[in-house]
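These are the residues of each chain, in order.
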Amino acid sequence: SSVEILDASIQDSVPATPIYFILSPGSDVVGDLDRLASKYGFVKAISYHNVSMGQGQDVVAMDKLEMGHKQGHWVILNNIHLMPRWCVELET
């Protein structure tokens, strides 16, 4: 199942390296990630953040990423393809 695949990916990961999911149009793994976040003790909007990228969300995303980096949170950036210039800024 998709949850098992995601869980295996998480088990193989390390905190210092982000996990990227490249999804097909129409696929949605957020529900699966919600379940796994709960399994690992993360709380939505407290230690697990989901940002839908678009106009003005770069500031929100950066805040959540900085907080996540410092405090070990999970951060999901949905529709990041809408922000290609910001992605370049994010890399620096």
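In short, a report on the structure.

Conventions and cut-offs
Residues numbered from 1 in each chain as written. Predicted model: local features only at pLDDT ≥ 70, side-chain atom pairs only at ≥ 80, totals over all residues. Heavy atoms only, no water. Axes fitted to C-alpha atoms, helices over the stretch in contact; angles between N-to-C directions. Helix = DSSP H or I, 4+ residues; strand = E, 2+ residues; numbered from the N terminus. Parallel < 35°, antiparallel > 145°, perpendicular 65-115°, else oblique. Left-handed = near helix turned anticlockwise from the far one by under 90°. Contact = heavy atoms within 4.5 Å. Phe/Tyr/Trp six-rings, centres within 6.5 Å; stacked < 30°, edge-to-face > 60°. Pairing = 2+ DSSP bridges. Right-handed = clockwise from strand over helix to strand, strands pointing away. Nonpolar A, V, L, I, M, F, W, Y, C, P; charged D, E, K, R; others polar.

Turning our eyes to something else, we now look at the packing of helix α1 (residues 2-12) against helix α2 (residues 30-39). Taken N-terminus to C-terminus, the directions of α1 and α2 make an angle of 50 degrees; their axes are 10 Å apart at the nearest point. If you check the angle between α1 and α2, you find them oblique. The two elements α1 and α2 cross, and the hand of that crossing is right-handed. Note on element contacts: α2 touches α1 through D32, L33, R35, L36 and K39, opposite S2, V3, L6, D7 and I10.

Inspection of the entire model under this criterion finds three aromatic pairs. Measuring from centroid to centroid gives 6.2 Å for Y40 and W74, while their planes differ by 50 degrees, and the two rings are tilted. Here Y40, found in the loop between α2 and β1 (48-52), pairs with W74, found in strand β2 (residues 74-78); they are 34 residues apart in sequence, far enough to count as distant. With centroids separated by 6.0 Å and ring planes inclined at 75 degrees, the aromatic side chains of Y48 and W74 adopt a geometry described as edge-to-face. A residue pair is termed long-range when its members are at least 10 positions apart, and Y48 in strand β1 and W74 in strand β2 qualify at 26 residues. The rings of Y40, F42, Y48 and W74 are connected pair by pair, giving a single aromatic cluster.

Turning our attention to the side chain of H49. Position of H49 relative to the elements: it lies in strand β1. Once residues lying within four places of it in the same chain are set aside, the contact partners of H49 are K64, M67, H73, W74, V75 and I76.

Another aspect to go through is the pairing of β2. Two faces belong to every sheet, and in a regular strand the side chains alternate between them. When β1 meets β2, the two strands line up parallel, connected through five bridges. Each bridged residue has a counterpart across the sheet, and for N50 the counterpart in β2 is I76. Where the polypeptide runs from β1 across helix α3 (residues 57-71) and back to β2, its parallel neighbour, the crossover connection is right-handed.

This paragraph deals with the packing of α3 against helix α4 (residues 84-91). In contact at an axis separation of 12 Å, α3 and α4 are set at 30 degrees when each is read in the N-to-C sense. For the element pair α3 / α4, the angle class is roughly parallel. Considering the relative orientation of α3 and α4, their crossing is right-handed. Judged by residue contacts, D58, A61, M62 and L65 of α3 engage W86, E89 and L90 from α4. Split by residue class, the contact of α3 with α4 holds five nonpolar, no polar and two charged.

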